[in-house]
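Residue-level structure breakdown
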Number of protein chains: 2
Amino acid sequence: MTTVNVGVIGYGTIGTGVVRILQKDAALLEKRSGRPIALKTVAELHPTPREGIDASRFALTDDALSVCRDPDIHIVVEVIGGVQPARQFIEEALRNGKHVITANKELMAKHGRELLVLAHEHNVNLGFEASVGGGIPIINALTSSLAGNRFARIYGILNGTTNYILTRMYNDGVDFDAVLQEAQALGYAEADPSSDVDGHDIAYKLCLLATIAFDTFFDINEIFREGIRSITARDIAVAKEFGYVIKILAVGVQRGDTDVELRVHPVMIPTRHPLASVNDAFNAVFVEGENVGESMFYGRGAGELPTASAIMGDMVEIVRTLALQRSGMASRFGGSTHRIRPMGDIESRYYLRLKVADAPGVLGAIAQAFGQQEVSIRSVKQQEGDGTAAELIIMTHAVREARMQAALTDIRALPTVDEVCSLIRVGL
Amino acid sequence: MTTVNVGVIGYGTIGTGVVRILQKDAALLEKRSGRPIALKTVAELHPTPREGIDASRFALTDDALSVCRDPDIHIVVEVIGGVQPARQFIEEALRNGKHVITANKELMAKHGRELLVLAHEHNVNLGFEASVGGGIPIINALTSSLAGNRFARIYGILNGTTNYILTRMYNDGVDFDAVLQEAQALGYAEADPSSDVDGHDIAYKLCLLATIAFDTFFDINEIFREGIRSITARDIAVAKEFGYVIKILAVGVQRGDTDVELRVHPVMIPTRHPLASVNDAFNAVFVEGENVGESMFYGRGAGELPTASAIMGDMVEIVRTLALQRSGMASRFGGSTHRIRPMGDIESRYYLRLKVADAPGVLGAIAQAFGQQEVSIRSVKQQEGDGTAAELIIMTHAVREARMQAALTDIRALPTVDEVCSLIRVGL
């Protein structure tokens, strides 16, 4: 069988993993794909030597475009991340008839449609399993194994850094800032943690999952996004007391024929829910299909080898079917036109923590403000006050978000309310 | 695009699910597979009308072989189960160039090799995703998404009936016989429950998973199998007290280059392990790949629509690639020759419950018997006795099974030991 040549653009963590697997598992990959797969070129501006890798067995270049144009290369792996120049490289590779495999969630979330169409026009594949959930084969599951299902809901834990932080906060009762600094020291969190802790990374992944599950290309900017900076050790302690854990979730829900909810925010989930035991850097995706019912996919959401494993899965599939023109991914998505339901129209239960005056009539005024917005209270817990201030913890029944926000505006205006410390959506 | 015609052999629960999905989701299946898929014929000896199915839109026959030979049928779905006549039908369909999809775990476990080779010779596919884990896409994950991994371990909960029984026993403290009768009344368990409660069903599934994960066709008869009939409410209560749940697991572990452990038996697993929260009729498969690390796949392991969902996943993949000859499944497996390690050579921790004389020196005699076999005791709990008999609960450190069994033989012979009530392997 003629050898399949691979070019890798980007020699960082994931690129190193891809090169490592191509070298150590060459025999396995040939057996499983049916053809020998050889790494020909790695493109990197500032390459550093990697332990356990024989750099004499492939070419190094600083010219990524030459990889995209090399007539001897059949598959290009893009693992530099970010929109540019990654987009230019992928487009050039597709135009030159290369199959492309990418781990680039931001690029796929923002320009996936155009790239999939371009791949389709040039009769090549664009694999992006690695861009969602690291080693978790969720995209393959949605597009192949579960292809006989409409999807009612897809939600889960899609970011290892924030899940590690929330797990540490839950286990050790420490506050967000302390854990973040520790995570940064350990290299689990970036120096600028915004992409993780503010939910951008999760929103990109949700956008891609929703594209497949709901058959629509969505605008990343329309996805509601709330990070975990505001979660306190106190909230987590109270949640624990009530039998909940706090996780930041990506949530996609079909609503009627036309709407979907797409949102990223912290959620209090019951400890008995399978997602509650997904801890540390692990990710998990929950899918509800009309035929398969509830399914969950759990694994390492990031890291050199797990992410490279997903890339190799795409590669083996591409090599197996090289003879075939099966680049219809773009035409398989985007056939529908769901709109994202405005956040004010979603329904949820809520947890609130307030600092109030330690005086009579306080609860009454708050209850009245809720009553006016038809927010019904499920339970109230007032901590022993110090004579001046007290802590009030309120769990509500399900209500429209807009009504809850309106009630909060009134409650914040009450003279007896010092502060609304926390608002967290509850339940799954 | 020309229509792909399907014949279904067997109109029981799963066959009904397949027919249902083919009728209600025809548009979805065409969109996702790229071609219209039509149900042409259903073969069943004693068909009964099914609610919500339009029987005027396909032919019914009692001659399954005619479906296997029909030149207009491209894909044959076998869902009658058992070895014969299912084997004859599948072989006939393959010889006539049909792609075949089966949910038949017993047939695939016993004759999968010959059938996959036959499919290979006739350049057609033999899909069997539905034969393991119902709706859980574990076979596709192992063969495609995780193809870039060697597998160190694969284990999980693969039978819904026994998991339902153990869940009820754990939650409600009831004994095995009571729950079994209830499950039979509810239709969750067969009138003859042996296939489930004695672990045959699980062993078939483990055999198939091991074939893929360890690249060897194994002899089903060499797989150690121990069911759940001997699990008592008392054992489960004690396990609970120690922070464990009891599940019946399928366990496959690579040992060195040549050996694998393949075994089916109850295991005490720590409540914090993700498998511990897999309850009722749900199944879950845990996979440890050298690159992807720990992954878990969770979902409904049986039932009309979940199992049919897996069949449709195979069908969509087959239709997408009809143009291509990609029937190399057989050649992708069986390249290695692992032997199944004898049960006496496995290592495990153990839980024992003994009825002993309520007299001095009892524990000393038992400890000595263990000492002679180098079984080291981790913890002992003696229940307050009634003056004549007492209950002894012993947890050991890891030791070879053969040594544990030898020690037990000596312990059973002790005059002060009335009975060894339970022996359960511990830990993951």
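Heads up: the structure comes first, above all this text.
Read on for a plain summary of the structure. Everything quoted here is computed from the prediction, not taken from an experiment.

All names here are of chain B. Its 12 residues place the ends of helix H15 (residues 401–412) 16 Å apart at the C-alpha level, agreeing with the 16 Å of an ideal helix rising 1.5 Å per residue. Of all the residues in H15, the buried ones are Glu401, Met404, Ala407, Leu408 and Ile411. For H15, the buried positions fall inside an angular range of 125° around the axis, keeping them on one side. Looking at the buried positions of H15, the neighbouring elements they touch are strand S14 (347–357), helix H14 (362–372), strand S16 (389–396), strand S17 (399–400) and strand S18 (417–426).

All names here are of chain B. In terms of burial, strand S2 (residues 37–43) is a largely internal element, five of the seven residues being buried. The sheet contact formed by strand S1 (residues 4–9) and S2 spans six bridges and is parallel. By the bridge assignment, Val8 is partnered in S2 with Val42. Taken together, the three bridges between S2 and strand S3 (residues 59–61) define a ladder with parallel strand orientation.

Let's shift gears to the sheet that holds strand S5 (residues 99–102) of chain B. All names here are of chain B. If you trace the six strands from one edge of the open sheet to the other, you get S3-S2-S1-S4-S5-S6, paired in parallel fashion. Taken across any chain shown, the strands that pair with only one partner, and hence form the sheet edges, are S3 and strand S6 (126–127). Packed onto the sheet, helix H1 (residues 13–24) meets S1, S2 and strand S4 (75–78) and runs at close to 150° relative to S2.

Moving on, we come to the packing of aromatic side chains. Where two aromatic rings form a pair, the distance of their centres and the angle of their planes describe that pair. Under the counting rule described, the total for this entry stands at 11 aromatic pairs over all chains. Between Tyr11 of chain A and Phe58 of chain A, the ring centres sit 6.2 Å apart and the planes meet at 75°, which makes this aromatic pair edge-to-face. In this pair, Tyr11 of chain A is assigned in the loop between strand S1 (4–9) and helix H1 (13–24) and Phe58 of chain A in the loop between strand S2 (37–43) and strand S3 (59–61), connecting sequence segments 47 residues apart. Using a relative accessible area of 4% as the deciding quantity, one classes Tyr11 of chain A as buried. Among the residues examined, Phe58 of chain A registers a relative accessible area of 8% and is labelled buried. Between Tyr155 of chain B and Phe286 of chain B the ring centres are 5.3 Å apart and the planes differ by 15°, which places this aromatic pair in the stacked class. Residue Tyr155 of chain B is found in strand S7 (residues 151–157), and its partner Phe286 of chain B is found in strand S11 (residues 282–289); the two are separated by 131 residues along the sequence. Like Phe286 of chain B, Tyr155 of chain B is buried. Following the ring pairs from residue to residue traces out a cluster consisting of Tyr155 and Phe286 of chain A together with Phe282 and Tyr298 of chain B. The ring of Tyr11 of chain B has Arg50 of chain B lying over it, and the distance from NZ or CZ to the ring centre is 5.4 Å.

One open sheet accounts for six strands, arranged S3-S2-S1-S4-S5-S6 (chain A); its pairing is parallel. Edge strands, defined here as strands with exactly one partner in the open sheet, are S3 and strand S6 (126–127) of chain A.

To continue, consider the interface of chain A and chain B. Each side of the interface is counted separately: chain A has 51 residues, and chain B has 51 residues. Between chain A and chain B lies a buried interface of about 4,400 Å² when both sides are counted; carbon and sulfur atoms form 50% of it. It is Arg32, Asn291 and Tyr298 of chain A that lose the most area in chain A upon contact with chain B, and together they represent 15% of the buried surface on that side. Arg150 of chain A is the salt-bridge partner of Asp25 of chain B, the closest N and O atoms lying 2.6 Å from each other. The interface formed by chain A and chain B holds 21 residue pairs in polar contact (both at pLDDT 80 or more) in total. Top contributing element to the side of chain A that touches chain B by residue count: helix H12 (residues 304–320) of chain A, with eight residues. Split by residue class, the side of chain A that touches chain B holds 22 nonpolar, 16 polar and 13 charged.

What counts as what
- Residues numbered from 1 in each chain as written.
- Chains lettered and ligands numbered in written order.
- Predicted model: local features only at pLDDT ≥ 70, side-chain atom pairs only at ≥ 80, totals over all residues.
- Heavy atoms only, no water.
- Helix = DSSP H or I, 4+ residues; strand = E, 2+ residues; numbered from the N terminus.
- Expected span 1.5 Å × (residues − 1).
- Buried < 20%, exposed > 50% of the residue type's maximum accessible area, 1.4 Å probe, protein only.
- Arc of directions from axis to C-beta.
- Contact = heavy atoms within 4.5 Å.
- Pairing = 2+ DSSP bridges.
- Axes fitted to C-alpha atoms, helices over the stretch in contact; angles between N-to-C directions.
- Phe/Tyr/Trp six-rings, centres within 6.5 Å; stacked < 30°, edge-to-face > 60°.
- Lys NZ or Arg CZ within 6 Å of the ring centre and 35° of its normal.
- Buried area = accessible area lost by both parts, 1.4 Å probe.
- Salt bridge = Lys/Arg side-chain N within 4 Å of Asp/Glu carboxyl O.
- Polar contact = N/O pair within 3.5 Å; in protein donor to acceptor, adjacent residues only side chain to side chain.
- Nonpolar A, V, L, I, M, F, W, Y, C, P; charged D, E, K, R; others polar.

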